[in-house]
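# Residue-level structure breakdown
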Amino acid sequence: MMSDSLLFAHSADSVAPSAEQLRGLYATMWRIRLFEQQVLELFSSGTVRGTAHLYVGEEAVATGACAALRSTDYVTSTHRGHGHALAKGLEPGPMLAEIIGRATGYCKGKGGSMHVASAKHGMLGADGIVGGGTPIAVGAALGAQILGRDDVVLCFFGDGASNQGVLFESLNLASVRRLPVIFLCENNLWALTTPARTSLSVPDVATRGQAFNIPGFVVDGQDVLAVHEAVSHAAERGRAGEGPTLLECKTYRYHSHSAFATREVRAAEEIAHWKARDPISLLGGQLRRLGIATEADLAAIQAQEEQRIRDAVEFALHSPLPDVAEAFTDVLADATVSPSSIRGEGGEAWSHAAQSESLSERAGGIGR
Amino acid sequence: MMSDSLLFAHSADSVAPSAEQLRGLYATMWRIRLFEQQVLELFSSGTVRGTAHLYVGEEAVATGACAALRSTDYVTSTHRGHGHALAKGLEPGPMLAEIIGRATGYCKGKGGSMHVASAKHGMLGADGIVGGGTPIAVGAALGAQILGRDDVVLCFFGDGASNQGVLFESLNLASVRRLPVIFLCENNLWALTTPARTSLSVPDVATRGQAFNIPGFVVDGQDVLAVHEAVSHAAERGRAGEGPTLLECKTYRYHSHSAFATREVRAAEEIAHWKARDPISLLGGQLRRLGIATEADLAAIQAQEEQRIRDAVEFALHSPLPDVAEAFTDVLADATVSPSSIRGEGGEAWSHAAQSESLSERAGGIGR
Amino acid sequence: MSQMRSLTVAEALNEALHEEFERDPRTLVFGEDIADTGGLFGVTRGLLDRFGPRRVFGTPISEQAIAGAAVGAALVGARPIAEIQIMDFLTLAMDQIVNHAAKLRYMTGGQLRVPLVIRGPVGAGVGLAAQHSQSLEAWFVHIPGLKVVMPSTPADAKGLLKSAIRDPNPVIFFEKRVLYAIRGDVPTGEHLVPLGKAEVCRTGRDVTLLASGLSAHYGRDAAQKLAEQGIDVELIDLRTLKPLDVDTIVASVRKTGRVIVANDGYRTCGFAAELVSTLVEEAFDYLDAPIVRVAGADAPIPYAQNLEAEVLVTTDKLIRAVRELVGASAPAAVR
Amino acid sequence: MSQMRSLTVAEALNEALHEEFERDPRTLVFGEDIADTGGLFGVTRGLLDRFGPRRVFGTPISEQAIAGAAVGAALVGARPIAEIQIMDFLTLAMDQIVNHAAKLRYMTGGQLRVPLVIRGPVGAGVGLAAQHSQSLEAWFVHIPGLKVVMPSTPADAKGLLKSAIRDPNPVIFFEKRVLYAIRGDVPTGEHLVPLGKAEVCRTGRDVTLLASGLSAHYGRDAAQKLAEQGIDVELIDLRTLKPLDVDTIVASVRKTGRVIVANDGYRTCGFAAELVSTLVEEAFDYLDAPIVRVAGADAPIPYAQNLEAEVLVTTDKLIRAVRELVGASAPAAVR
Ligand SMILES: Cc1ncc(C[n+]2csc(CCOP(=O)(O)OP(=O)(O)O)c2C)c(N)n1
Ligand SMILES: Cc1ncc(C[n+]2csc(CCOP(=O)(O)OP(=O)(O)O)c2C)c(N)n1
Ligand SMILES: [Mg+2]
Ligand SMILES: [Mg+2]
């Protein structure tokens, strides 16, 4: 079951993206990169508080993975979640507004960078607890199953998170329940200042699938198509009732751990080595070689994303601060119990109308 | 590194026990079995409170494993810990006194069945939290290393505990620090009423060693010699700085989960199947075949252990209850700081004399 | 009014689950040993047969994943109920409960909600020693975003569990282990006890006794005995520890001027301290004497029976505390 | 007296570690990112170079194992210090701390002891939102068998950490993150501040203000400003939250008759509640007014700066509370 290198060779396959989809992947990667560059600028200028963990260099992973999902599928994310969110379809404007703490942010400015979520996109949230999202992914799969849906859950986690006990419990539980969870490890070689080689007792996280009877595969995380294919197959497996898959995408972050923890402990050569296989350039090259896009087409895509991010900055910076009363709202949902309610799977599962605005927007997704 | 079946074949080897040691193993197994039968009786008569998890059927595991240790080595145990304690050399009398809550118990009656410990025997405690002892074993190995000792730590846990996240963290940490921990899984096929096959995603816990670069081996847990040999090798590896080993001893408990949770959910055939390979009978047969003991010798050993357990019962039942003031002692150790104290590894590491009686008894062990 | 039958607390909880599972197909329950055998205390009995292995299943021994799976299932619209086999093991699940279940709604600006129940047995008195006897409810009362429930009677057990399952928030539901077997009348069919409402079990004019779970029973016994001695106790069973029914308790204290707060948890920084503080803030001018905490000792729970009795709340300790409080004017600290 | 130098809190903690590592070869320190880089806040800086990779090492991200490894190392006679990178992550380590570190001595009848320190940064105010800003000290104060320390000055940071390392019990050591960079005079060489001793930082006759960590600083500022307004505050920095220095605080309250208790944790069932309850028991007759809690709000910590300020304890809130308390006689609940 286990292969130490690429499993899903680039075979001709039904999951291969169309030309338009390929250009879409290219656009998404740019969107993420440009977005993150803006976040860094806004952090440097003091507009982003606290910290922010940039996804630059890893764009192929989130982009390829989320493109392989249906819009009704779920994602659980990490502290380094901006890329996941954008790839899942969240808008840069309200995301950036969230990250600078504005009322128009996805979470009204209450979550910030480490807690971006969007119910209507099935994005169950970035998570500030390393490994914290992994059992939630298992639960989301369980919940979807109970509700009669065939959604899969894509669960991102890092090489550092690969040593958290809760991950193993999650892998085991997903395996014995054969749940459609795609455990996707973004192995960027480092956890904060700790190299994976000193804290991870095995070279490949994918190896660990075997301990749970979960097929584990190493994937080239700089190759958006490889990621897309791997996740497509894992999603198929999940929907077919074959259970979870463990994918380890080897990738790299260009920036230091976070906007707060900026000490660079990595060798310049290592950074240079990885930058030489930049995921955006890689796909750009492929698109040109395959005749899917010209240099000018690619430039146009990039320009379009630049404009989108400029608009997002504009939107975010002109958004109001949250009303201070918001500090005390959303602690609890209103519990007015209506005893004579639901029977069957009917509509009022989320009958507490006042609270389900954002949920009801998402037909067929969360909140069903 | 991984073998799915017996690794340590019964080769001629320096670790093979002498004739006297073999008779000692036989005696220990009887001691455990007879002890447990007494515990059950005392539970039924209301003398043991709460619960007690009997080790009957699994005697070969603790006996073979602890016999492979030095007396200065450490053991961390589980809720099903009586066998581990007796095998590590604890006396039946104060053990039974503990289990019936008397002042003469190892823990003054404050711990009971699930918390039997003896500092001077390097028995760091039974543990009521499934999986709870596993990181403690890693820490004990770390501590021993810091103190310049070459002790190893034997860490017992069950098939049920094999799904606790903290076990995996412990395996990983022990592996990356190359610590001399022997992770010994007692796979008795059941965790309370849950069969391992429904909660353990792999057939063999030993498989999981590979996820942590730890050699993992399946051992016949009914064969005390196989266990002895496996643990001897693991201890050697540990002392040689080669790091942890994962041993999975396949075994079976004859009684229901505990004296409290007595509902029997296991098939009669399964129980009978395992009883047919009773560890005591197995060793008895071997000793006779090898001419190491006659039937009469074996009977004499058994009789001697019966007497020992009778004495223990006598001792325990005639011991006083703890003084009620003991309910409030031992919460905190006296913290009178003596600022001008220790330099170097010197003797007063445990200078707070009043608190170290039981510790100082154990030259070279705990408390150095 | 609905009809009554005599049920144990365990049976009443079981009935609540059966009714809610019938009513709402989004419910599911999981935990260690809860399916085939119906759990160590039979609370989930019969659910597997009736509702099948998708909605009712046993899990590996993985408390973090159990709690986290409940969070995930709740987020997507299911109504998970997770059993923690003994509530001491919540120590393993704190991150999922506190950093996730309790905060996800807030952190996402109200987008997500987390309707789940985590339930299980709690408490001492049966000789299971320090790791199986703790009453750690204070930790959960401390955390915004959680509700905390502790029934004392079979009827409340049923009515509160049904409300907890329907609540759109994470509810930690503490079932006093030694009360599972006690009997009482329980209404058949729909019976909801709202979360956040205390019950005045006995009116009285001399002392207010605030209790919950087991101590509510001891409080009843104490009140009866004290009545024979001419001391009139007003007993309030809090039922929900968070949100607290401040109005009911303040009204009582305004009347009696004297208060005993009972709680099985460790005394220091326990739930009793919150009651004291709330009353100091809300009813200081009505207090005729210092409020007295009768709580678990500040010691782990020992195994030996004679020691265990020393550290627990008992009827006798309540009686002694009330008598001292009524008789004396000096601060009375009961241990 | 020893000489003084100006150090930051982080430097003072680092000095304490260097001195104790030099003094006692049984010490070791581990945690995430603490070796090569000296930790996120530099508290373990230089230790690796000086004491080597056996005694100073980084760990995988495994908080349960970190805490449990500290327990095991302590049991066999070493003196482990474990860093939790941000104290919110203690949620993952509760079982090892509460069911093991805190209880092993008691459960084994005093045979074992568990001399360990678990330390790390705690607190809000820097925009890290709900999972990186909590002050959960109340949970630990609740647990028998633990000591809980929270320094506010560089000198105390050094002296308390040295005492904590030498203490034969498990000590949870909370370092206020926003205080790491503040400076103060610190004695060179041996400087021990005993655990369990509060400090009266400023004597006053009108109101007693009980504070610790960050709120001790705010308390100082508040007292100064209030002095200009003619209100004389007695400020007590508790330094150790458990065991509590009851004598010192009771003596103060007997003098002033009015008390404000400040604590950064969530208000409900927080550490402030314990202070209120203790004083109700020990000094009720001396109280001229209800004790007032100034604590964190009962809400997760929000990200946006204007919201975060709403839920935290601030100098202004302390000033307002003192003024209300001195001026008014009605119960004053400050949020
Ligand atoms: C439980 C927990 N422990 C520690 C941290 C602090 N922390 C934040 S990110 C991080 C490194 C995570 O590494 P990895 O999982 O590889 O993700 P990456 O940052 O490389 O994307 C650490 C230690 C945390 N947030 N949560
Ligand atoms: C953390 C935790 N979860 C659950 C329990 C309840 N419990 C006690 S023993 C047990 C089964 C343990 O199974 P296993 O590890 O296989 O050991 P065995 O009893 O078979 O020896 C369970 C679930 C516990 N004590 N601790
Ligand atoms: Mg990483
Ligand atoms: Mg078992």
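Residues numbered from 1 in each chain as written. Chains lettered and ligands numbered in written order. Predicted model: local features only at pLDDT ≥ 70, side-chain atom pairs only at ≥ 80, totals over all residues. Heavy atoms only, no water.

Further remarks concern the coordination of the magnesium ion (ligand 4). Residue and element names in this part refer to chain B. Listed as protein donors to the magnesium ion (ligand 4) are Asp159 (OD), Asn188 (OD1) and Trp190 (O); their distances from the metal cover 2.0 to 2.1 Å. Positions of the donor residues of the magnesium ion (ligand 4) along the chain correspond to the pattern D-x28-N-x1-W. Take Asn188 and Trp190: they sit in the same class, and that class is buried. (Donors = N, O, S within 2.8 Å, 3.2 Å for Na, K, Ca; no water. Buried < 20%, exposed > 50% of the residue type's maximum accessible area, 1.4 Å probe, protein only.)

Taken together, the protein donors to the magnesium ion (ligand 3) comprise A:Asp159 (OD), A:Asn188 (OD1) and A:Trp190 (O), at separations of 2.0 to 2.1 Å. Under the relative-accessibility criterion, A:Asp159 is labelled buried at 3%.

Two cysteines joined by a covalent bond between their sulfur atoms form a disulfide. Residue and element names in this part refer to chain B. According to the stated counting rule, one finds zero disulfides over all chains in the structure shown. Unpaired in terms of disulfides, Cys107 finds its nearest cysteine sulfur in Cys66, a separation of 17 Å. For Cys107, a relative accessible area of 0% puts it in the buried group. (Disulfide = S-S within 2.5 Å.)

Our focus in this paragraph is the site of ligand 1. In the region of ligand 1, 22 residues are neighbours, and A:His79, A:Arg80, A:Gly128, A:Gly160 and D:Glu63 sit closest. One chain alone does not account for the residues near ligand 1; they come from chains A and D. Contact distances for ligand 1 include 2.6 Å between a nitrogen atom and a side-chain N or O atom of D:Glu63. Here ligand 1 loses 96% of its free accessible area of 580 Å² to cover by the protein chains. Each residue belonging to the shell around ligand 1 can be placed in one class, and the counts come to nine nonpolar, nine polar and four charged. (Near = heavy atom within 4 Å. Polar contact = N/O pair within 3.5 Å; in protein donor to acceptor, adjacent residues only side chain to side chain. Areas by Shrake-Rupley, 256 points an atom, 1.4 Å probe, with all protein chains shown as cover. Nonpolar A, V, L, I, M, F, W, Y, C, P; charged D, E, K, R; others polar.)

This next bit is on the nonpolar core. If you look at the biggest cluster of nonpolar residues, it comprises 201 residues, and the most contacted ones within it are A:Phe183, B:Phe183, C:Ile97, C:Phe140, D:Ile97 and D:Phe140. Residues within four places of C:Ile97 in sequence aside, it is in contact with C:Ala67, C:Leu90, C:Ala102, C:Ile118, C:Phe140, C:Leu146 and C:Ile172. Among the nonpolar cores identified, the runner-up in size contains 67 residues, and A:Phe35, A:Ile100, A:Ala235 and A:Cys249 belong to it. (Core = buried A, V, L, I, M, F, W, Y, C linked by side-chain atoms within 4.5 Å. Contact = heavy atoms within 4.5 Å.)

A separate point is the domain arrangement of chain C. Residues and elements named next belong to chain C. What the domain assignment lists for chain C is domain 1 (4-187) and domain 2 (199-328). Distance between the C-alpha centres of domain 1 and domain 2: 26 Å. Between domain 1 and domain 2 lies a buried interface of about 2000 Å² when both sides are counted; carbon and sulfur atoms form 61% of it. Looking at the side of domain 1 facing domain 2, the largest losses of area belong to Val141, Met150 and Ser152, adding up to 22% of the total buried there. (Domains from an automatic or database assignment. Buried area = accessible area lost by both parts, 1.4 Å probe.)

Another point: the packing of helix 3 (residues 63-75) of chain D against helix 4 (residues 94-101) of chain D. Residue and element names in this part refer to chain D. Viewed as axis vectors pointing N to C, helix 3 and helix 4 meet at an angle of 25°, and their least axial separation amounts to 7 Å. Judged on the interaxial angle alone, helix 4 and helix 3 are roughly parallel. From helix 3, Gln64, Ala67, Gly68 and Val71 reach across to helix 4, where they touch Gln96, Ile97, His100 and Ala101. Taken together, the residues of the contact of helix 3 with helix 4 sort by class into four nonpolar, four polar and no charged. (Axes fitted to C-alpha atoms, helices over the stretch in contact; angles between N-to-C directions. Helix = DSSP H or I, 4+ residues; strand = E, 2+ residues; numbered from the N terminus. Parallel < 35°, antiparallel > 145°, perpendicular 65-115°, else oblique.)

The subject of this paragraph is the confidence of the model for chain C. Residues and elements named next belong to chain C. Looking at chain C as a whole, its pLDDT mean stands at 96, while 97% of the residues score no less than 70. Taken as a whole, residues 328-335 scores under 50 in pLDDT and shows 18 contacts with residues more than four places along the chain or in a different chain. Scored as a complex, the prediction yields pTM 0.95 and ipTM 0.95. (pLDDT = per-residue confidence, 0-100.)

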